Amino acid sequence: MLAALIDLILAPTCLGCDSLINPGDTARLVCRRCRSLIRPLPSPSCPRCGAPRLATGRTQEHTCPECEAWPEKIRFARSACLLHPPADRLVHQLKYRGWHVLAAPMAERMTLIDMPDDKDHVPRTCIAVPTTRQRMRERGYNQADLLAQAYAKNTGLTHADWLVRTGARGTQTTLQPAARAANVAGAFALVRGAHEVVRNAHVLLVDDVLTTGATAAECASTLGAAGACCVSILTFARALDARRLIQT
């Protein structure tokens with residue numbers, strides 16, 4: 001009765017669409033409609049990076065424009081959904097509006113991803129793409145690390161902080177692919193004491209959104225140079241450029 005009274009006086013509002021959440025709905029942050037509208041990436045897709053392929057009837061292998069330039073250390077990349085409404089709104093709320101509690105339901109959606117079945121290369125540790133000290137001061141948290149912590153809690157993986165961002169460079173949001181890569185070149189380093197535990201590890205790198213993969217690729221290069229056997233990428237959302245989709 002107390003919960004019903006609180007809902008009546010302070011009705012919870014969906015962070016995806018601003019509508020009131022129905023009484024009795026156990027999910028207090030995102031309404032049922034928004035949860036149903038979160039779209040997974042369509043199939044078929046690139047087996048390495050998960051980018052959708054455009055079906056043209058051809059069956060021969062083609063180089064994937066999304067991941068062909070990625071370092072060899074990157075084993076695979078997967079995302080829970082497309083960066084499409086309402087997923088884009090949830091990312092914005094988590095990243096810029098201070099709704100850090102959204103990390104839990106977003107990470108829960110990430111646990112539903114079908115990972116490549118390879119018993120010899122299973123990641124045991126997940127780490128977040130680090131942010132700059134300036135953004136940490138502004139926001140008070142790193143949204144990628146909140147997702148990594150929640151994902152580790154849900155899956156039993158070890159959560160670690162092995163990377164640090166050494167450069168306070170501008171945002172990637174408005175940059176073209178080549179500029180994105182240049183913007184993060186040399187921007188990451190291992191924290192003190194991490195070299196021993198990184199060696200031979202399969203690392204799961206977690207972030208909120210995967211766009212071109214430039215940031216993740218730079219992180220993977222840093223981890224690979226330190227001796228990691230491979231790096232896999234996991235994000236909540238995937239931003240796609242239709243002009244770069246694979247023709248199959």
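So, how was this worked out
Residues numbered from 1 in each chain as written. Predicted model: local features only at pLDDT ≥ 70, side-chain atom pairs only at ≥ 80, totals over all residues. Heavy atoms only, no water. Helix = DSSP H or I, 4+ residues; strand = E, 2+ residues; numbered from the N terminus. Buried < 20%, exposed > 50% of the residue type's maximum accessible area, 1.4 Å probe, protein only. Contact = heavy atoms within 4.5 Å. Areas by Shrake-Rupley, 256 points an atom, 1.4 Å probe, with all protein chains shown as cover. Pairing = 2+ DSSP bridges. Right-handed = clockwise from strand over helix to strand, strands pointing away. Salt bridge = Lys/Arg side-chain N within 4 Å of Asp/Glu carboxyl O. Expected span 1.5 Å × (residues − 1). Axes fitted to C-alpha atoms, helices over the stretch in contact; angles between N-to-C directions. Parallel < 35°, antiparallel > 145°, perpendicular 65-115°, else oblique. Left-handed = near helix turned anticlockwise from the far one by under 90°. Nonpolar A, V, L, I, M, F, W, Y, C, P; charged D, E, K, R; others polar.

(A) Molecular detail of the overall build of the chain. Regarding its fold elements, the chain presents 9 helices and 9 strands. When the 248 residues of the chain are sorted by exposure, 46% land in the buried category. The long-range share in the chain, meaning contacts at least 24 apart out of those at least 6 apart in sequence, stands at 75%. Accessible area for the chain stands at about 13,200 Å²; split by element, carbon and sulfur atoms hold 53% of it.

(B) Main features of the pairing of strand S7 (residues 202-210). For S7, the buried fraction is high: 9 of the 9 residues fall into the buried class. Across 4 bridges, strand S3 (residues 125-128) lies against S7 in parallel orientation. Its bridge partner lying in S7, Ala128 is registered against Val206. With 8 bridges joining them, S7 and strand S8 (residues 230-238) adopt parallel strand pairing. Residue Val203 lies in a different strand from S8, and its bridge partner there is Val231. You can see the chain leave S7, run along helix H9 (residues 214-225) and come back into S8, and the turn it takes is right-handed.

(C) Expanded view of the pattern of salt bridges. One pass over the full model with this rule turns up 4 salt bridges. Between Asp208 and Lys95 there is a salt bridge whose closest N-O contact spans 3.7 Å. Of this pair, Asp208 sits in strand S7 while Lys95 sits in helix H3 (residues 87-96), and the two are 113 residues apart along the sequence. Of the residues examined, Asp208 reaches a relative accessible area of 3% and is grouped as buried. A relative accessible area of 19% means that Lys95 is categorised as buried. Glu196 is paired through a salt bridge with Arg199; the nearest N and O atoms lie 3.2 Å apart. Taking relative accessible area as the criterion, Glu196 reaches 58% and is therefore assigned exposed.

(D) Molecular detail of H9. With 12 residues, H9 ought to run about 16 Å at 1.5 Å a step, and its terminal C-alpha atoms sit 17 Å apart, in line with that. The element H9 is extensively covered by neighbouring structure, given that 10 of its 12 residues are classed as buried. Of all the positions in H9, only Ala214, Thr215, Ala216, Ala217, Glu218, Cys219, Ala220, Thr222, Leu223 and Gly224 are classed as buried. Of the residues one or two after H9, Gly227 is the one with positive phi, at around 110°.

(E) How the structure looks around the packing of helix H4 (residues 103-110) against helix H6 (residues 143-155). It is at 8 Å that the axes of H4 and H6 come closest, and there the two elements cross at 55°. Considering the angle they form, H4 stands oblique to H6. The handedness of the crossing between H4 and H6 is right-handed. Of the residues in H6, those touching H4 at Ala103, Ala104, Met106, Ala107, Glu108 and Met110 are Leu146, Leu147, Ala150, Tyr151 and Asn154. Tallied by class, residues from the contact of H4 with H6 come to 9 nonpolar, 1 polar and 1 charged.

(F) Spotlight on the sheet that holds S3. Pairing is parallel across the open sheet formed by 5 strands, whose spatial order is S2-S8-S7-S3-S4. At either margin of the open sheet sits one strand with a lone partner, and together these are strand S2 (74-82) and strand S4 (158-159). Sheet contacts for H6: S3, S4, S7 and S8; angle to S7, the most-contacted strand, approximately 125°.

(G) Broad picture of unusual backbone geometry. Each neighbour pair has its own omega, and for Ser43 with Pro44 the value is 0°, a cis peptide bond. Relative to the elements of secondary structure, Pro44 occurs in the loop between helix H2 (32-37) and strand S1 (53-54). The step from Pro85 to Pro86 runs through a cis peptide bond, and the omega angle for that step is 5°. In the Ramachandran plot, Asp18 falls in the positive-phi region, its phi being about 70° despite a non-glycine side chain. Within the secondary structure layout, Asp18 lies in the loop between helix H1 (2-9) and H2. Unlike most non-glycine residues, Asn200 shows phi in positive territory, near 70°.

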